[in-house]
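# Geometric and topological summary
Below, each chain spelled out in residue letters.
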Amino acid sequence: QVQLVESGGGLVQAGGSLRLSCTASGLIFSINVMGWYRQAPGKQRELVATITNDGSTNYVDSVKGRFTISRDNAKKMVYLQMSSLKPEDTAVYYCNANLRRYFSTSSLDYWGQGTQVTVSS
């Protein structure tokens, strides 16, 4: 069984910062891309940032220069440092990992349960 568990969400004022963390656990052979997605009320889930296992990153335009994604391959963790937060960043943030389990020949996407981030104006 593979689990992704997020932490670090909460309530913050506009202009503030939060750091999200996500830990992958279980019989994991390798992790390819890890990322963060978010879903605001009434909206579709959108990609926020991704990072490959060699550290290449990708961001949605709306967070460039404010958010930083990083990962610790040894700990199977991914982080999202969020700064200069805006009310429009309010959403449930989900961790995602494309990984291969032991005894499996293919890679699949796994999701965390989500963590709420609320930015007040």
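Now for a description of the structure that goes with this document. Every residue gets a number counted from 1 within its own chain, in the order that chain's sequence is written. Given that this is a predicted model, residues contribute local features only at a pLDDT of at least 70 and side-chain atom pairs are listed and counted only at 80 or more, while totals for whole chains, interfaces and linings are drawn from all residues. Each side-chain value is derived from all of the structure's non-hydrogen atoms; neither hydrogens nor water enter the calculation.

This part covers the overall build of the protein. The helix and strand inventory of the protein stands at 0 helices and 11 strands. Traced from its N-terminal end to its C-terminal end, the protein shows the element sequence β-β-β-β-β-β-β-β-β-β-β. Atoms counted for the radius of gyration: C-alpha only. Globule rule: 2.2 Å times the number of residues to the power 0.38. The C-alpha radius of gyration of the protein comes to 14 Å, within 12% of the 14 Å expected for a compact globule of 121 residues. When the backbone C-alpha atoms are referred to their principal axes, the protein occupies close to 50 × 25 × 25 Å. Only protein chains enter the accessibility calculation, which uses a 1.4 Å probe; a residue whose area is less than 20% of its type maximum is buried, one above 50% is exposed, and one in between is partly exposed. Among the 121 residues that make up the protein, the fraction classed as buried is 41%. Taking the contacts inside the protein whose residues are at least 6 apart along the sequence as the reference set, 55% of them involve residues at least 24 apart. Accessible area for the protein stands at about 6,500 Å²; split by element, carbon and sulfur atoms hold 48% of it. Here the positive residues are Lys and Arg and the negative ones are Asp and Glu; neither His nor the chain ends is included. Each charge is placed at NZ for Lys, CZ for Arg, CG for Asp and CD for Glu. Averaging the coordinates of the 12 positive side-chain charges in the protein and doing the same for the 8 negative ones gives two points 4 Å apart. Comment: elements are numbered from the N terminus, with helices defined as DSSP H or I runs of at least four residues and strands as E runs of at least two. Contact criterion: two residues are considered in contact whenever any of their non-hydrogen atoms come within 4.5 Å of each other. For the accessible areas, the method is Shrake-Rupley and the probe is 1.4 Å, while residue cover comes only from the protein chains on display.

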